[in-house]
Each structure stands twice: as structure tokens, then as C-alpha cells.
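Survey of secondary and tertiary structure
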Amino acid sequence: MKKSKIMFPVMTLGLAVGLAFANTANQSNGWIDLNDTPTQLDTDPCEGLGGECSVIYQDDPQGRIFEVFTDESLTTRKASSNNTPYVIPGTP
């Protein structure tokens, strides 16, 4: 009986820790291919569904448009209702 009283809090703690890390892929701000290197965005500019998200950095002297992906492997485009690239501050 004593073991079951001790194991329940331990199991609850384990479940809580596991859930804290669950489903983190869907919470990503997005990834871009920056000079052949997957780079995570600091913010999530993409909103809505129906199109594909892209961004342009406000201070990029080259004015490059970057496709935004859902994960580091750069295989799945992030959805957006706006087909115009989102302008984000700074340089890439």
C-alpha cells in the first residue's frame, strides 16, 4: 500500500513533464532557408489558411523573399491567408 502512495505523485510528475514537451512542432514560429541553413524566425508572422507564408526583412539590402516552413527540415510550407510576404523588422 505504501508503494502505491509514493508512485502516484511520481507518475503524475512524469505525465506533467511529458505533456510540457508534447506537440511543440505545431508551435513553431516558422523556419526559413537562410544561405542553405535552416533558421528559425523570432516571431510568427503567418496567420490564417489557404495560402503559403513568406517573409521579407525590412532592412535586407537584397530584398530577398523567404518561404516560411513549419519545421527545421524545410519540407512543409507554413500556411497563411496572405499571399503577400510579411515584412519583419531587421536583417536576416
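Along each chain, residue indices are assigned from 1 in the same order as the chain's sequence is written. Given that this is a predicted model, residues contribute local features only at a pLDDT of at least 70 and side-chain atom pairs are listed and counted only at 80 or more, while totals for whole chains, interfaces and linings are drawn from all residues. To get the side-chain values, take all heavy atoms of the structure and skip hydrogens and water.

Comments concerning the packing of aromatic side chains
Both the distance between ring centres and the angle between the ring planes are used here to describe each pair of aromatic rings. Pairing of aromatic side chains requires ring centres within 6.5 Å, counting the rings of Phe and Tyr and the six-membered ring of Trp. Pairs whose planes differ by under 30 degrees are stacked, by over 60 edge-to-face, and all others tilted. Within the structure shown, the criterion is met by one aromatic pair. Between Y57 and F66, the ring centres sit 5.9 Å apart and the planes meet at 80 degrees, which makes this aromatic pair edge-to-face. Relative accessibility decides the category of a residue: with a 1.4 Å probe and only protein chains considered, values under 20% of the type maximum give buried, values over 50% give exposed, and everything between is partly exposed. Relative accessible area serves as the criterion here: at 12%, Y57 is assigned to the buried category. Our definition puts a charge over a ring when NZ of Lys or CZ of Arg is within 6 Å of the ring centre and also within 35 degrees of the ring normal. A cation over an aromatic ring shows up here: R77 above the ring of F69, its NZ or CZ 6.0 Å from the ring centre.

Quick notes on the sheet that holds strand β5 (residues 65-67)
The sheet built from three strands is open, its strands ordered β5-β4-β7 with mixed pairing. This sheet does not close on itself; its edge strands, each paired only once, are β5 and β7 (86-88). Each strand of the sheet is rotated relative to its neighbour by a mean of 35 degrees, with strand direction disregarded. One ladder, built from three bridges, connects strand β4 (residues 54-57) with β5; its direction is antiparallel. By the bridge assignment for β5, V55 is matched with F66. For two strands to be treated as a pair, DSSP must find no fewer than two bridges joining them. Helix and strand labels come from DSSP, where a helix needs a run of H or I of at least four residues and a strand needs a run of E of at least two; each type is numbered from the N terminus. Note on definitions: angles span 0 to 180 degrees between N-to-C directions of axes, and those axes are lines fitted to C-alpha atoms, for helices only across the stretch in contact.

Keep in mind these numbers describe shape, not what the thing actually does.
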